[in-house]
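Observations on the model geometry
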Amino acid sequence: MRKNDSISIPVILKVGKGALEGLGQCLLDEGLTDVVIWFGNGLIDLFGLKVMESLKKSGITALEYQELDTVDIDDIITLAFSLSNQTKAVVAIGGGKVIDAGKYAAFLRGLPFISVPTSSANDGFSSASASLIVDGRRTSVPARLAYGILVDTEVIRTAPEKFIYSGIGDMVSKITALYDWVYETEHGVGALNDFAVMIAKKAVNSFVRTPYASIKDEIFLKELLDSLSMSGIANEIAGNSAPTSGSEHLISHALDKLLETPQLHGIQVGIATYIMAKVQNHRHVRVNTVLTETGFWDYAATLQMKRSDFLRAIDLSPAIKPHRYTYLHEEQYREAAKELVMTDEILQRILTAD
Ligand SMILES: [Zn+2]
């Protein structure tokens, strides 16, 4: 029998227009009156004033207020243990890096973490693990799900569009990830958690079925961010990242390893999702529709990504997570994926021939 370990879900969850202005009130409501605030690089200029005004209005003290540009685990350990004992919460405002740093520092000190993503590039803001540099290598380190998630859709809207495309790619990947998870448990590897499957499936289905005119519509952005938040919670329920990360993520992780300058996580993942949905012969029409209609493919086509890099990444993919058993852990499906890279019409348009 599998036991139901207690899971933690965010106490604060605010996704919507103007959410950043409500930061102070959210903290006050939870009694988090003294906080450390870390911003991503260059973001004090953009959001500092708004954040400070919000804190001031609610009488919240910022014990520390600075920009941070490191995900080196040693730096973060040092920072974490230099935090004042008065600290009641760590707030991180920015993209992936500062969120990972804040998440891990809060985890080390047993403090609530408030995640305030300023871009929708991936689901890291709602995941329990942190991606840090350990001994010079990017490594996924266990941490804890955020106590609070606060996303201002107005901020997301003004970030460069590539971050929205990246979020779209990371979200649509739940389709292939879930299929891989079922597949591997059918092969006696891992254990399926039906509730986590349901949450992740509902998240992605709700997202792909949302009607919109532009990817900058409030309804589209809210749906994207809500769905990314729900995915993180599916991982928390499962106790691992299987609900949201399957063979398509292995290709992206392999590209990260192989390339000097990889593309945004969700861009790589989105392309790999299309490949794997075709290999799995599962919902690839839907995946293609989303990537076409949002403009994801048009953006991806501008990046000059190489066919040969994808071929190498597919070969490397099973070694990225040897303990798993996704479609890419079988040679016949790696061959099928490589065949698609060479012949599929859409991929011919996106990837360059060398
Ligand atoms: Zn991802």
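Treat the numbers as computed from the prediction; the structure is a model and nothing was measured.

Our focus in this paragraph is the environment of Lys17. Within the fold, Lys17 resides in the loop between strand 1 (12-16) and helix 1 (23-29). A tally of 15 C-beta atoms within 10 Å means that Lys17 is categorised as partly exposed. Sequence spacing of Lys17 and Ala146 is 129 residues, and the spatial spacing of their C-alpha atoms is 20 Å. Those residues in contact with Lys17 that lie beyond four places of it in its chain are Thr153, Glu154 and Glu218.

Reports often express the size of an interface as the amount of accessible area lost when the parts come together. Entries for the protein chain in the domain assignment read domain 1 (12-158) and domain 2 (161-352). Relative to domain 2, the C-alpha centre of domain 1 lies at a distance of 26 Å. Listed per partner, the contact involves 19 residues of domain 1 and 24 residues of domain 2. Elements supplying a minimum of two residues to the side of domain 1 that touches domain 2: strand 1, strand 8 (148-152) and helix 5 (153-158). Split by residue class, the side of domain 1 that touches domain 2 holds eight nonpolar, seven polar and four charged.

Further remarks concern the packing of helix 6 (residues 161-172) against helix 11 (residues 265-280). Between helix 6 and helix 11, the shortest axis-to-axis distance is 7 Å and the interhelical angle comes to 45 degrees. One element, helix 6, and the other, helix 11, form an angle in the oblique class. Our pair here, helix 6 against helix 11, has a crossing hand that is left-handed. Two secondary-structure elements touch here, helix 6 through Tyr165, Ser166, Gly167, Ile168, Gly169, Asp170 and Val172 and helix 11 through His265, Gly266, Ile267, Val269, Gly270 and Thr273.

The rules behind these values
- Residues numbered from 1 in each chain as written.
- Predicted model: local features only at pLDDT ≥ 70, side-chain atom pairs only at ≥ 80, totals over all residues.
- Helix = DSSP H or I, 4+ residues; strand = E, 2+ residues; numbered from the N terminus.
- Buried ≥ 20, exposed ≤ 12 C-beta atoms within 10 Å, placed from the backbone.
- Contact = placed C-beta atoms within 7 Å.
- Domains from an automatic or database assignment.
- Nonpolar A, V, L, I, M, F, W, Y, C, P; charged D, E, K, R; others polar.
- Axes fitted to C-alpha atoms, helices over the stretch in contact; angles between N-to-C directions.
- Parallel < 35°, antiparallel > 145°, perpendicular 65-115°, else oblique.
- Left-handed = near helix turned anticlockwise from the far one by under 90°.

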